[in-house]
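A structural walkthrough
What follows is the residue order along each chain.
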Number of protein chains: 2
Amino acid sequence: MTEIINRNVSQYRDELYRVIDAALDAATQFGEDCPVRLREAIRYSLLAPGKRLRPILVLTACELCGGDRQLAIPAACAVEMIHAYSLIHDDLPAMDNDDLRRGLPTCHKKFDESTAILAGDALLTLAFEMLGHLTPLELVGRCCRELAVAAGPCQLVGGQMDDIYRTNSHKPDNIQIVEHIHRRKTGALIRTSLRLGGLVAGASEQQQIALDEFGIYFGLAFQITDDLLDVLGDEQTVGKRLRKDTESNKWSYPRFLGVDGTKHEAERTLKLAEHSLDFFRNSNSANHIALETFYSMVKHLAERKK
Amino acid sequence: MTEIINRNVSQYRDELYRVIDAALDAATQFGEDCPVRLREAIRYSLLAPGKRLRPILVLTACELCGGDRQLAIPAACAVEMIHAYSLIHDDLPAMDNDDLRRGLPTCHKKFDESTAILAGDALLTLAFEMLGHLTPLELVGRCCRELAVAAGPCQLVGGQMDDIYRTNSHKPDNIQIVEHIHRRKTGALIRTSLRLGGLVAGASEQQQIALDEFGIYFGLAFQITDDLLDVLGDEQTVGKRLRKDTESNKWSYPRFLGVDGTKHEAERTLKLAEHSLDFFRNSNSANHIALETFYSMVKHLAERKK
């Protein structure tokens, strides 16, 4: 039985992945008003092999709440574009100065700095253009409000700013400060991905609350296990430079709690993420395969910490 | 009679300026989730003395079409934020590498490069958050669609990309290529400012067509006279480094048409801008002071070319 579910979940995720990549490809063809070099840089970064975690969350959340995932595709593309832009800008020499991303040269290494800055700007703007393809117009408005706040100065950009500027400063007084950075830098967009899926599905208030809770804990667990991966992972397998948190004295979980303490914290947060799905498990209307997919994503994060 | 109109127009513009600056100030207070340094950089660039041309266009267009300008303030803030972000990123060392802007050190000179990149990203995102304050939600959706396209890879960002990459290359074959860059880099946002004002006012299709036409010619005239200012202007008065088009071999109008030819082209375009206001002049419902303000803005551009 478990095996059948696993196979179905894995097929389902593959299917979503293909749908998302086809949509991202179609959304970045552009007319002749877009310079060729800019188009290439945008597509190079956006279409590079990746997990497509955020757009998968959008589509799965939509389907979990009884929505038609086809209608959520513009929102799925939007969050992946925001993610791709933030990676391009984070990798810049003035920021994290990284040469490798998803196993390939970073955008400014492959092209150059000004192209990378503009490709990031274009992707950020394009995310909102994608939202414009949603219908009806009211939904565009709702999603625009949601995404702009999550990607803005108090969330994603603010988290990145603190991550850069608190680097190399004294050890933080408590783990809450590390959590505060992660909640904004990584957590906000993950949480919003789930909420956008709910919005497209026309989810009930209770459904949105449950999605939101799942988003908070899943996002946190994602970052904690990502920090662990930086310490314990293998660079070849992961496809990006590791140990950089330690090298650059970043405020990561392991730095503050140690490896064992971080594993424990990851476990605790993953349990909370799992529990926040109870609402859907106890509901008759929840889409079965979508729910199993969320459970499997939680399990997958648990694997990372081993 | 002309004197009274001039005084009224000038009072009207001052009033709009104050309303806009108060709104921009209020919109960038932020809660404690926004890092202090990021907040300072955003406000430094956004609130620096400037013409506030684009937001004034939004409010005036709204009022010209019988709308309540108070309701258009979020849209006015949004276009100024897009403009401010594009200046911050354009000034970066990897781009135009400018030290002076509006008579003050550029953002990356006053702060640093990573702060300037993030302040630009934050302002771009904040523009869409501002649109979220419009009501009803349908209007948010409509304006989001409009602004995202104008600021995106086929318009503003694409124009900037071509402006950088065609610099120093061979002389273009014809003036259309220069126009194509300007139409996207500067023209699109000016045109959209007018259209957003019309959208908030619930303008008729005919009103929107007239606004759009005015936007096209006014935007073009703005860029042509700006190119002239770069050649003929006084650095002290203008408050930014001049002669840089010549220094960096930019594809400007004077480079292609010479100073006299550019003056002639400016005159031609300004006339077209003026004529596109005929629809409103012949309409009984058009707001008189708003219309006079547009005429005076055209006249002001004509002054620049002297």
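Here, the structure is the one placed above.
Residues numbered from 1 in each chain as written. Chains lettered and ligands numbered in written order. Predicted model: local features only at pLDDT ≥ 70, side-chain atom pairs only at ≥ 80, totals over all residues. Heavy atoms only, no water.

**Examining the overall build of chain A**
Of the regular secondary structure elements, chain A holds 15 helices and two strands. For a compact globule of 306 residues, the expected C-alpha radius of gyration is about 19 Å, and chain A comes in at 19 Å, within 12% of that figure. C-alpha extents for chain A along the principal axes are approximately 55 × 50 × 35 Å. The buried share of chain A, taken over its 306 residues, is 59%. When contacts within chain A are restricted to residue pairs at least 6 apart in sequence, long-range pairs at least 24 apart make up 73% of them. For chain A, the exposed surface amounts to about 12,300 Å²; the carbon and sulfur share of it is 49%. The averaged location of the 43 negative side-chain charges in chain A is 3 Å from the averaged location of its 37 positive side-chain charges. (Helix = DSSP H or I, 4+ residues; strand = E, 2+ residues; numbered from the N terminus. Rg over C-alpha atoms; globule rule 2.2 N^0.38 Å. Buried < 20%, exposed > 50% of the residue type's maximum accessible area, 1.4 Å probe, protein only. Contact = heavy atoms within 4.5 Å. Areas by Shrake-Rupley, 256 points an atom, 1.4 Å probe, with all protein chains shown as cover. Lys, Arg positive; Asp, Glu negative; His and termini not counted. Charge placed at Lys NZ, Arg CZ, Asp CG, Glu CD.)

**What to know about the relation of the copies chain A and chain B**
Once chain A has been moved 0.0 Å along the axis and rotated by 180°, it coincides with chain B to within an RMSD of 0.0 Å. The two molecules are tied by a two-fold rotation axis, judged by turn and shift. A high fraction, 100%, of the interface residues of chain A reappear at the interface in chain B, so the copies pair face to face through one surface. (Least-squares fit on C-alpha atoms with pLDDT ≥ 70 in both.)

**Notes on the nonpolar core**
Counting residues in each nonpolar core, the largest one holds 173 residues, and the members touching the most others are Phe128(A) and Phe128(B). In this view, Phe128(B) contacts Thr125(A), Phe128(A), Cys144(A), Ala148(A), Ile82(B), Cys144(B), Leu147(B) and Ala148(B); residues no more than four positions away in its chain are not counted. (Core = buried A, V, L, I, M, F, W, Y, C linked by side-chain atoms within 4.5 Å.)

**Let's talk about the side chain of Glu179(B)**
Residue and element names in this part refer to chain B. Tracing the chain through its elements places Glu 179 in helix H9 (residues 175–201). Buried and without a salt bridge, Glu 179 has Arg 183 as its closest oppositely charged side chain, separated by 4.9 Å. Once residues lying within four places of it in the same chain are set aside, the contact partners of Glu 179 are Leu 220 and Tyr 253. (Salt bridge = Lys/Arg side-chain N within 4 Å of Asp/Glu carboxyl O.)

**Considering unusual backbone geometry**
All names here are of chain A. A cis geometry characterises the amide bond from Thr 135 onward to Pro 136, with omega recorded as -5°. For Pro 136, the position within the fold is in the loop between helix H6 (113–131) and helix H7 (137–151). A positive phi is found at Phe 30, a non-glycine position, where the angle reads about 65°. Mapped onto the secondary structure, Phe 30 falls in the loop between helix H1 (2–27) and helix H2 (36–46). Residue Phe 30 is classed as partly exposed on the basis of its relative accessible area, which comes to 21%. With phi around 55°, Arg 52 is a residue other than glycine that occupies positive phi space. By the element assignment, Arg 52 lies in the loop between H2 and helix H3 (53–64).

**Some remarks on helix H6 (residues 113–131) of chain B**
The first and last C-alpha atoms of H6(B) sit 28 Å apart over 19 residues, in line with the 27 Å expected at 1.5 Å per residue. Burial runs high along H6(B): 17 of the 19 residues are buried. (Expected span 1.5 Å × (residues − 1).)

**Some words on the pattern of salt bridges**
All chains considered together, the criterion is met by 34 salt bridges over all chains. Across the pair Glu138(B) and Arg142(B) runs a salt bridge whose closest N-O atoms are separated by 3.5 Å. Here Glu138(B) pairs with Arg142(B), and both are found in helix H7 (residues 137–151), just four residues apart, close to one helical turn. By relative accessible area, Glu138(B) is classed as partly exposed at 36%. Close ionic contact of Glu265(B) with Arg268(B) constitutes a salt bridge, the shortest N to O distance being 2.9 Å. Here Arg268(B) and Glu265(B) lie together in helix H13 (residues 253–275), a separation of three residues that amounts to about one turn. Its relative accessible area of 13% is what places Glu265(B) among the buried residues. Through salt bridges with shared partners, a single network forms among Glu146(A), Arg191(A), Arg195(A) and Asp212(A).

**Focus: the packing of aromatic side chains**
For the structure on display, the rule yields nine aromatic pairs over all chains. Look at Phe279(A) and Phe280(A): their rings are 5.3 Å apart centre to centre, the planes differ by 80°, and that puts the pair in the edge-to-face class. Look at Phe280(A) and you get buried, because its relative accessible area is 1%. Both rings, one in Phe214(B) and one in Phe294(B), keep their centres 4.8 Å apart while their planes meet at 40°; by these two values the pair is tilted. Here Phe214(B), found in helix H10 (residues 205–232), pairs with Phe294(B), found in helix H15 (residues 288–304); they are 80 residues apart in sequence, far enough to count as distant. (Phe/Tyr/Trp six-rings, centres within 6.5 Å; stacked < 30°, edge-to-face > 60°.)

**Quick word on the environment of Arg255(A)**
Residues and elements named next belong to chain A. Summarising the element assignment, Arg 255 is placed in helix H13 (residues 253–275). For Arg 255, a relative accessible area of 30% puts it in the partly exposed group. Separated by 24 residues in the primary sequence, Arg 255 and Val 231 place their C-alpha atoms 9.7 Å from one another.

**Quick look at the interface of chain A and chain B**
If you look at the interface, chain A gives 52 residues, while chain B gives 52 residues. Note on chain A versus chain B: buried area summed over both sides is about 4,400 Å², and carbon and sulfur give 72% of it. The interface formed by chain A and chain B includes zero salt bridges. Inspection of the region where chain A meets chain B yields 17 residue pairs in polar contact (both at pLDDT 80 or more). Where the side of chain A that touches chain B is concerned, the elements lending two or more residues are H2, helix H4 (73–91), H6, H7, helix H8 (156–166) and helix H9 (175–201) of chain A. Looking at the side of chain A that touches chain B residue by residue, the class counts come to 28 nonpolar, 13 polar and 11 charged. (Buried area = accessible area lost by both parts, 1.4 Å probe. Polar contact = N/O pair within 3.5 Å; in protein donor to acceptor, adjacent residues only side chain to side chain. Nonpolar A, V, L, I, M, F, W, Y, C, P; charged D, E, K, R; others polar.)

**Side note on the environment of Val19(B)**
All names here are of chain B. Along the polypeptide, Val 19 turns up in helix H1 (residues 2–27). On the accessibility criterion, Val 19 (22% relative accessible area) is partly exposed. Each C-alpha atom of the pair Val 19 and His 133 lies 16 Å from the other, and the pair is 114 residues apart in sequence.

**Observations regarding the state of the cysteines**
On inspection of all chains with the given rule, the structure shows zero disulfides over all chains. Free of any disulfide, Cys107(A) has its nearest cysteine sulfur in Cys34(A), 13 Å distant. For Cys77(B), which is in no disulfide, the shortest distance to another cysteine sulfur is to Cys143(B) and amounts to 13 Å. (Disulfide = S-S within 2.5 Å.)

**Side note on helix H8 (residues 156–166) of chain B**
Within H8(B), nine of the 11 residues are buried, which leaves the element mostly enclosed by the surrounding structure. Among the residues of H8(B), those classed as buried are Leu156(B), Val157(B), Gly158(B), Gly159(B), Gln160(B), Met161(B), Asp162(B), Asp163(B) and Ile164(B). Buried residues belonging to H8(B) abut H2 and H6 of chain A together with helix H4 (73–91), H7 and H9 of chain B.

**Topic: the packing of H8(B) against H9(B)**
Helix-helix packing: each pair is described by the crossing angle between the helix axes and the interaxial distance. Residue and element names in this part refer to chain B. Where H8 contacts H9, the two axes come as close as 7 Å, and the packing angle between them is 140°. Looking at the two axes, H8 sits oblique to H9. Seen from above, H8 lies across H9 with left-handed handedness. Here Leu 156, Gly 158, Gly 159, Gln 160, Asp 162, Asp 163 and Arg 166 of H8 lie close against H9, whose contacting residues are Ile 177, Ile 181, Arg 184, Lys 185 and Leu 189. Considering only residue class, the contact of H8 with H9 consists of four nonpolar, three polar and five charged. (Axes fitted to C-alpha atoms, helices over the stretch in contact; angles between N-to-C directions. Parallel < 35°, antiparallel > 145°, perpendicular 65-115°, else oblique. Left-handed = near helix turned anticlockwise from the far one by under 90°.)

Function cannot be read off these values alone, since they describe shape.
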